[in-house]
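Okay, here's what each chain looks like letter by letter:
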Amino acid sequence: MWQKLKIGERRAAPRISLALQGGGAHGAYTWGVLDRLLEDGLQIDGISGTSAGAMNAVALAQGWMDGGAEGARESLSAFWQAVANRVPFQMDVLHSLDPNGNGAMPASMNMMLALTRLLSPYQLNPLELNPLRDIMREQFDFGRLQSACPFKLFIAATNVRTGKIRLFHNAELGENALLASACLPTLQQAVEIDGEAYWDGGYVANPAVYPLIYECKTPDILLILLDPLIRESVPRSSREIAARSMELNFSTSFLREMRTITQARSYIKGSASRWLPYGRLERKLMRLRFHLIDADELSSINGISKLNATAGFLTQLRDLGRERTEQWLSHHRRDIGRRASMNGERLFT
């Protein structure tokens, strides 16, 4: 509840939890979203992230420890600049945002992708070279993140053997946890942690929402999504079919989770026993306030651009994310702490 303020008293910035979807280089769009949110002064309770979303979550947390919201903005910028600096080839930036283009893929990249259809990463990369590992070692202090992170982190990975989700909490954070969350099995070897092998968390949670409900205090949860919730047309070409199949592989678990939450809330609301007091779980579910920022601008571009980590393209994505968040804040900033700004029933049922 928002309370009436005394003269001269300032209202504390509302707290919110963030659910950050993965999406390769498109994670730079989320960088732009977070940059604008941090600039606005919102306070964070918890962050759930998968793959690129996990990278953004940890970069934000690292920077916050170093210098609050401004430090978080600087840390996110440094992370994505480091990613761009390690790209071994160039791609055409404009074509990457052209829905009819091929992302201007260089011949070397096309050849590498073709090889992944014939050979496993255990054959193509026996030394397990991964530039992300070097970036993390340079920029993240996992010891401090484990002990001094000011908000709760939930990093999702997929257990290869069981197919179950593994959520890494603050005390479990390390470079392997992050690498596991972003491990694409056609490109990288499975990441082993405590004797178990892990792949990209997107297979089971992209992102996981339930830890923000059950382990965080604020009822306000902002979903930051990179893949479209709805495709207006049916894919026809082999490239379009492959891209849509990949999207579904990495979004089905999230959609199912959100549908379950939405249906549970509807059931509670319409229950014939409403004259009885709500239980603890019912109260928690009914006070949730969901918000959504989705990357509509990316819905029509070629999916291959998720591999385009050149500086120009990442900057374009950041700017698009900032602009989208500026619009969202102008319409929904006052909703945070008061009411939901997302219609879950329309989107997920």
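Please read these numbers as outputs of a predicted model, since none were measured by experiment. (Residues numbered from 1 in each chain as written. Predicted model: local features only at pLDDT ≥ 70, side-chain atom pairs only at ≥ 80, totals over all residues. Heavy atoms only, no water.)

Next up on the list: the overall build of the chain. A count of helices and strands for the chain gives 14 helices and 8 strands. Considering only contacts within the chain whose residues lie at least 6 apart along the sequence, 77% involve residues at least 24 apart. If you sum the accessible surface of the chain, you get close to 17300 Å²; carbon and sulfur atoms cover 52% of it. (Helix = DSSP H or I, 4+ residues; strand = E, 2+ residues; numbered from the N terminus. Contact = heavy atoms within 4.5 Å. Areas by Shrake-Rupley, 256 points an atom, 1.4 Å probe, with all protein chains shown as cover.)

Moving on: the side chain of aspartate 35. Among the structural elements, aspartate 35 can be located in helix 1 (residues 27-40). A polar atom in the side chain of aspartate 35 sits 2.8 Å from the side chain of arginine 73. In contact with aspartate 35, not counting residues within four places along its chain, are Arg73 and Arg322. (Polar contact = N/O pair within 3.5 Å; in protein donor to acceptor, adjacent residues only side chain to side chain.)

Counting 66 residues, the largest nonpolar core has Leu18, Leu37, Ile47, Leu60, Phe140, Phe151 and Leu178 as the members making the most contacts within it. Once you skip the residues sitting within four places of it in the chain, leucine 60 turns out to touch Leu34, Leu38, Ile44, Ile47, Ala72, Leu76 and Phe151. (Core = buried A, V, L, I, M, F, W, Y, C linked by side-chain atoms within 4.5 Å. Buried < 20%, exposed > 50% of the residue type's maximum accessible area, 1.4 Å probe, protein only.)

Listed under "active site" (unreviewed entry) in the UniProt record, and renumbered for this structure, are Ser51 and Asp200. A maximum C-alpha distance of 6.4 Å is found for the annotated residues, which run over 150 residues; spatially they form one tight group. Summarising the element assignment, serine 51 is placed in the loop between strand 2 (43-50) and helix 2 (52-85). For serine 51, a relative accessible area of 11% gives the class buried. When near neighbours in sequence (up to four residues on either side) are disregarded, serine 51 contacts Gly22, Ser181, Ala182 and Asp200. With respect to the element layout, aspartate 200 can be found in strand 6 (residues 196-200). Using a relative accessible area of 3% as the deciding quantity, one classes aspartate 200 as buried. Not counting chain neighbours up to four residues away, the residues in contact with aspartate 200 comprise Thr50, Ser51, Thr158, Ala180, Ser181, Ala182, Cys183, Leu184 and Phe250. (UniProt positions renumbered as here; feature names shortened; annotations may be inferred.)

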